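Working through the structure, step by step
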Amino acid sequence: MSNLFTVSPSPHVHSAETTSKIMYRVVYAMIPALLWSVFVFGLDALRVTLIAIVACLAFEYVIQKYLMKIKPMITDGSALITGILLAFNVPANLPWWIIIIGALAAVGIGKLSFGGLGSNIFNPALVGRVFLLISFPVQMTSWPVLSEGEVDGLTTATPLGIIKEGLTSGTPVSQIAQDLPSSTDMLLGQMSGSLGEISALLLILGGVYMLIKKVITWHIPVSVIVTVAAIAALFWLIDPERYVNPIYHILTGGLMLGAIYMATDMVTSPMTPKGQLIFGAGIGIITISIRMFGAYPEGISFAILIMNAFTPLINNYVKPKRFGGN
Amino acid sequence: MLKTFKIGGVHPPENKLTSGNPIEILPLPKTVFIPVAQHIGAPAVPLVKKGDAVKAGQLIAKSSSFVSTNIHSSVSGTVKRVDFQADSSGYPKQGIYVDVQGDEWLEEIDQSKDLVKTFDFDSETIVKKIQEAGIVGLGGATFPTHVKLIPPKGMKAEVLLINGVECEPYLTSDHRLMLEKPDEILIGIQLLMKAMNVEKAVIGIENNKPDAIKLLSEKAKEYKGISVTALKVKYPQGGEKQLIKAVTGKEVPPGGLPIATGAVVNNVGTAFAVYEAIQKNKPLFERVVTITGKNVAKPSNFLVRIGTPTSELLEAAGGMPENTGKIISGGPMMGRALASIDVPVTKGTSGVLLMQKEEAKRDTVLACIRCSRCVSVCPMGLEPYLLMTLSEKQIFDRCESNHIMDCIECGSCSYTCPSDRPLLDYIRFGKGKVGQIIRSRNK
């Protein structure tokens, strides 16, 4: 025989899909929202994002190489996504050293301490964000004031913060609404908030791109948003002076960012469509509960992390339909 | 809306390079090696010894039990020896070497090209003739056809499904047969219908073969009870369970036989072999084989005598391309990689695919990102990622409770995994172990 052949079991062909292609599609999907935040918050937004990305990649490399002693996988795109998402979840005026601490919490604790990509239970970027929110509550809730696309050093509250403060002090909704942005501003992103969460429109645009490219399916985002909207609408219909119009719950805060980009994280969400609907509904219920009855104005980060913990349980009980089975 | 099966499935690039190439007769080789086990079931027992003269069509190894088949010589010549040689499984298998001399067929075989339309046999005679002719499922599963035609007690066949799906990329042997031998196939179907006492037969063909759908639909009008259903292109539609689901909407219960849905499935190639066996007295000793691949000089469809070494096919297709890294018997999704080009063509060989070195290489295995693509493409509704992990950790009781034995080994999971994880490799291992456990428990 002149030639040695490869002998391996079938299948002998493979689809062109790769893990890093999927990861980079998520990155592309976030670019419009990133550009918008640079437009709104100025170069500060870019500074925060770059620091977050570089810090996440650096921690990933160093921990994998020197602590875990494995081949660093920083080009797979997953740490890049964590970096961008971490930046998207913090105010655009956050000091650089806090961002770096957040990156260490995200990559080091959230991801690599569990064994790295695919083994983590919680969404790494959210681990970072919640770590910072609890450790640096002042810096994490001081949002820059928007003024003609420039940041002037003053800080303000987000629409959800205004609502929470107003309702807690007993102010009726009709009065609070005067301080809130218009629906158009909320949709486009002319309002205060974390770096990447403000433009619902551009976040949805990126979500549609991910749907078309089959990075995500509709189940999680739709179930999160529908659940939040339904519960908010129910309370609003009961007492519109004590509960705000559901439109505020949908378009402000981190709902779009969380529902489309973080709850859909494959590693930490259920495997079956049915499981994903349950997961999304759980996130929606916890989010709106925290927003309406909790101490924090916003609850999506906690909601996603809590449901992340339920994912193995959901996977265990919600099985795909067996061929020929009932 | 075209019919198809409901859950899972993938659509690999079709690469049907040879769908326009008419079937050519491959020149006779110098020697053939005819294995006595070319089917599922017990190997046949050799009837000849060294030095015996044989003719094409002569019985040379006899079926040894109900689930077994006869083996006939595919050539005329002298038996060189009865010996062992590796077949497509890679294991040495017993078989008969015949030195080819001339091309003399048994006298009772009708070698004319005339179409013999009419027949007057009862179902038992047809089944007996099929059994004698050594016919097995030619789609690749090689299950003895006569066994399928006799339903187990208490079950009744209602419809005959004919598999003209050919969902494997590259392969075109069934496609060409449908285009070139439509009447023979339809008469073969009538014979099978008679054998099973059913009034209805449906030929399922994927929509990427519009010429075959059109031709057979028109011809089928002349044959009572036979119709053609066009199916959406989706792998693994040629799987028995998937085809039944696609055409009838019924699901074979887990661990059950297809007949539980009232359907029996046979391949178009099998229908053609049935025609030849009964109307022409010709046992199964040749079949259509596609030889193909991106670098093959002359990809073709050949009519090949059973036992012909793969090397002869390669030569007729313009020689082995320089960069060949893998030779596959069958299609790229379920075919077997050959270790040598001496492996003979057998009854189950539907094609030979040559892959380039770079195509043959598997990519680095990365961590599972739990993207759930394997779950969504599994046509059996399984969770391949979970079965792989459970097999890897050797937790076989949970493999079983997660229905690992339902796996049809179509490879859709491994095909689709973005992290290139060898899902099916591990699932096969787990299936083997769980199978052993189940057998020892039932003892």
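Position numbers for residues start from 1 in each chain and track the written sequence from start to end. In the order they appear in the text, chains get letters beginning with A and ligands get numbers beginning with 1. Predicted model: local features are reported for residues with pLDDT of at least 70 only, side-chain atom pairs are reported and counted for 80 or more only, and whole-chain, interface and lining totals are derived from all residues.

Structural notes on the overall build of chain B
- Secondary structure elements follow DSSP: runs of H or I no shorter than four residues count as helices, runs of E no shorter than two count as strands, and numbering proceeds from the N terminus. A count of helices and strands for chain B gives 14 helices and 17 strands.
- When we talk radius of gyration, it's over C-alpha atoms, and the globule rule is simply 2.2 Å times the number of residues to the 0.38. Against the compact-globule benchmark of 22 Å for 443 residues, chain B has a radius of gyration of 21 Å, which places it among compact chains.
- Principal-axis analysis of the C-alpha atoms places the extent of chain B at approximately 65 × 50 × 50 Å.
- Working definition of burial: number of other C-beta atoms within 10 Å of the residue's own, with buried at 20 or more, exposed at 12 or fewer, and partly exposed in between, all C-beta atoms being placed from the backbone. Within chain B, buried positions represent 55% of all 443 residues.
- Look at the contacts in chain B between residues 6 or more apart in sequence, and 73% of them connect residues 24 or more apart. What counts as a contact is two residues whose backbone-derived C-beta atoms lie within 7 Å of each other.

Comments concerning the overall build of chain A
- Along the backbone of chain A there are 15 helices and two strands.
- Taking as baseline every contact in chain A between residues at least 6 positions apart, the subset at least 24 positions apart corresponds to 73%.

Here we look at the environment of Leu-277 of chain A
- If you trace the backbone, Leu-277 of chain A turns up in helix 14 (residues 273–293).
- Separated by 57 residues in sequence, Leu-277 of chain A and Ile-220 of chain A have C-alpha atoms that sit 5.8 Å apart.

Brief notes about the interface of chain A and chain B
- Listed by partner, the interface residues are 30 residues for chain A and 50 residues for chain B.
- When residue character is reported, Ala, Val, Leu, Ile, Met, Phe, Trp, Tyr, Cys and Pro are called nonpolar, Asp, Glu, Lys and Arg charged, and the others, Gly included, polar. Its residues assigned to classes, the side of chain A that touches chain B comprises 13 nonpolar, 14 polar and three charged.

Let's talk about the confidence of the model for chain B
- Scored by pLDDT, chain B comes out at a mean of 94, with 100% of its residues at no less than 70.
- Our summary of model confidence lists the complex with pTM equal to 0.92 and ipTM equal to 0.90. Predictor confidence is given residue by residue as pLDDT, running from a minimum of 0 to a maximum of 100.

Digging into the packing of helix 1 (residues 19–41) of chain A against helix 2 (residues 43–67) of chain A
Residue and element names in this part refer to chain A.
- Where helix 1 meets helix 2, the axes come as close as 6 Å, and the angle between the chain directions of the two elements is 135°. Compared by their axis directions, helix 1 and helix 2 come out oblique. Along its contact with helix 1, which presents Leu-34, Ser-37, Val-38 and Phe-41, the element helix 2 presents Leu-43, Asp-44, Ala-45, Leu-46 and Thr-49.
- Here the residues of the contact of helix 1 with helix 2 sort into six nonpolar, two polar and one charged. Helix axes are fitted to C-alpha atoms over the stretch in contact, other axes to C-alpha atoms as well, and angles between N-to-C directions run from 0 to 180 degrees. Reported orientations rely on four angle classes, namely roughly parallel under 35 degrees, roughly antiparallel over 145, roughly perpendicular from 65 to 115, and oblique for the rest.

Examining the domain arrangement of chain B
Residues and elements named next belong to chain B.
- Marked domain ranges trace back to an automatic or database domain assignment. Structurally, chain B comprises domain 1 (25–109 + 283–357), domain 2 (123–279) and domain 3 (373–442).
- On a C-alpha basis, the centroid separation for the pair domain 2 and domain 3 is 29 Å.
- Across the contact, six residues belong to domain 2 and six residues belong to domain 3.

Remarks on the nonpolar core
- In plain words, the nonpolar core is the set of buried Ala, Val, Leu, Ile, Met, Phe, Trp, Tyr and Cys residues that C-beta atoms within 7 Å link up. In terms of nonpolar packing, the biggest core is built from 219 residues, with Val-48, Ala-52 and Cys-56 of chain A together with Leu-160, Ile-189 and Val-274 of chain B touching the most fellow members.
- Top element by residues in this core is helix 1 of chain A. It accounts for ten residues.
- Leave out the neighbours within four places in its chain, and Leu-160 of chain B touches Ile-189, Leu-192, Met-193, Met-196, Val-198, Ala-201, Val-264 and Asn-266 of chain B.

Comments concerning the sheet that holds strand 1 (residues 23–25) of chain B
Residues and elements named next belong to chain B.
- Pairing in this open sheet of six strands is mixed, and the strands run 1-14-13-17-15-16 from one edge to the other. This sheet does not close on itself; its edge strands, each paired only once, are strand 1 and strand 16 (336–338). In this sheet, adjacent strand axes meet at a mean angle of 35° when their direction is disregarded.
- Strands are labelled as partners when DSSP assigns at least two bridges between them. Both strand 13 (residues 286–292) and strand 14 (residues 300–305) contribute to a ladder of six bridges, which runs antiparallel. Across the sheet, residue Thr-290 finds its bridge partner in strand 14, namely Asn-301.
- Across the sheet, helix 3 (residues 173–180) touches strand 1, strand 13, strand 14 and strand 17 (351–356), and the angle it forms with strand 13 is around 125°.

Observations regarding the environment of Lys-200 of chain B
All names here are of chain B.
- Positionally, Lys-200 belongs in strand 10 (residues 200–206).
- Look at Lys-200 and you get partly exposed, because 16 C-beta atoms sit within 10 Å.
- Residue contacts for Lys-200: discarding those within four places in its chain leaves Val-159 and Gly-225.

Here we look at helix 7 (residues 159–168) of chain A
All names here are of chain A.
- The complete set of buried residues in helix 7 reads Pro-159, Leu-160, Ile-162, Ile-163 and Lys-164.
- If you follow the buried residues of helix 7, they end up packed against helix 8 (173–176), helix 12 (246–251) and helix 14.
- In the stretch just after helix 7, Gly-170 is the one whose phi turns positive, near 85°.

Focus: the pairing of strand 14 of chain B
All names here are of chain B.
- In terms of burial, strand 14 is a largely internal element, five of the six residues being buried.
- Pairing geometry for strand 1 and strand 14, over three bridges, is parallel. Its bridge partner being in strand 14, Glu-24 is matched across the sheet by Phe-302.

Some points on the environment of Cys-56 of chain A
Residues and elements named next belong to chain A.
- Mapped onto the secondary structure, Cys-56 falls in helix 2.
- Once the C-alpha coordinates of Cys-56 and Gly-299 are considered, the two residues, 243 residues apart in sequence, prove to be 24 Å apart.
- In this structure Cys-56 touches Ala-79, Thr-82, Gly-83, Leu-86, Ala-103, Ala-106 and Val-107, once residues within four positions along its chain are discounted.

Topic: the sheet that holds strand 9 (residues 159–164) of chain B
Residues and elements named next belong to chain B.
- If you walk across this open sheet you meet the four strands as 11-10-9-12, and the pairing is parallel. A single partner strand is all that each edge strand has here, and the edge strands are strand 11 (226–231) and strand 12 (263–267). The sheet shows a mean angle of 25° between the axes of neighbouring strands, taken without regard to direction.
- Examined bridge by bridge, strand 9 and strand 10 share six bridges and lie parallel to one another. Across the sheet, the residue bridging to Leu-161 is Val-202, located in strand 10.
- The strands touched by helix 4 (residues 182–196) within the sheet are strand 9, strand 10, strand 11 and strand 12, with strand 9 carrying the most contacts at an inclination of about 150°.
- Against the sheet, helix 7 (residues 268–279) touches strand 9 and strand 12, its axis set at about 80° to strand 12.

Overview of the pairing of strand 15 (residues 324–329) of chain B
Residue and element names in this part refer to chain B.
- Most of strand 15 is tucked away, with five of its six residues classed as buried.
- Two strands pair when backbone bridges link them, and strand 15 and strand 17 are joined in this way by five bridges, in the antiparallel orientation. Each bridged residue has a counterpart across the sheet, and for Ile-327 the counterpart in strand 17 is Leu-354.
- Relative to strand 16, strand 15 is paired through three bridges, and the arrangement is antiparallel. Bridge pairing in strand 16 links Ser-329 to Arg-336.
- The antiparallel pairing of strand 15 with strand 16 creates a hairpin that spans six residues between the two strands, and Gly-330 there sits at a positive phi of about 105°.

Regarding unusual backbone geometry
- Pro-11 of chain A follows Ser-10 of chain A through a cis peptide bond whose omega is 0°.
- Looking at where Pro-11 of chain A falls in the secondary structure, it is placed in the segment before helix 1.
- Note that the residue after Tyr-235 of chain B, namely Pro-236 of chain B, is joined by a cis bond; omega there is 0°.
- Of note, Pro-236 of chain B is situated in the loop between strand 11 and helix 6 (240–248).
- Of note, the phi angle at Arg-370 of chain B is positive, near 55°, even though the residue is not glycine.
- In this structure, Arg-370 of chain B sits in the loop between helix 9 (357–360) and helix 10 (373–377).
- What makes Arg-370 of chain B buried here is the crowd of 22 C-beta atoms within 10 Å.

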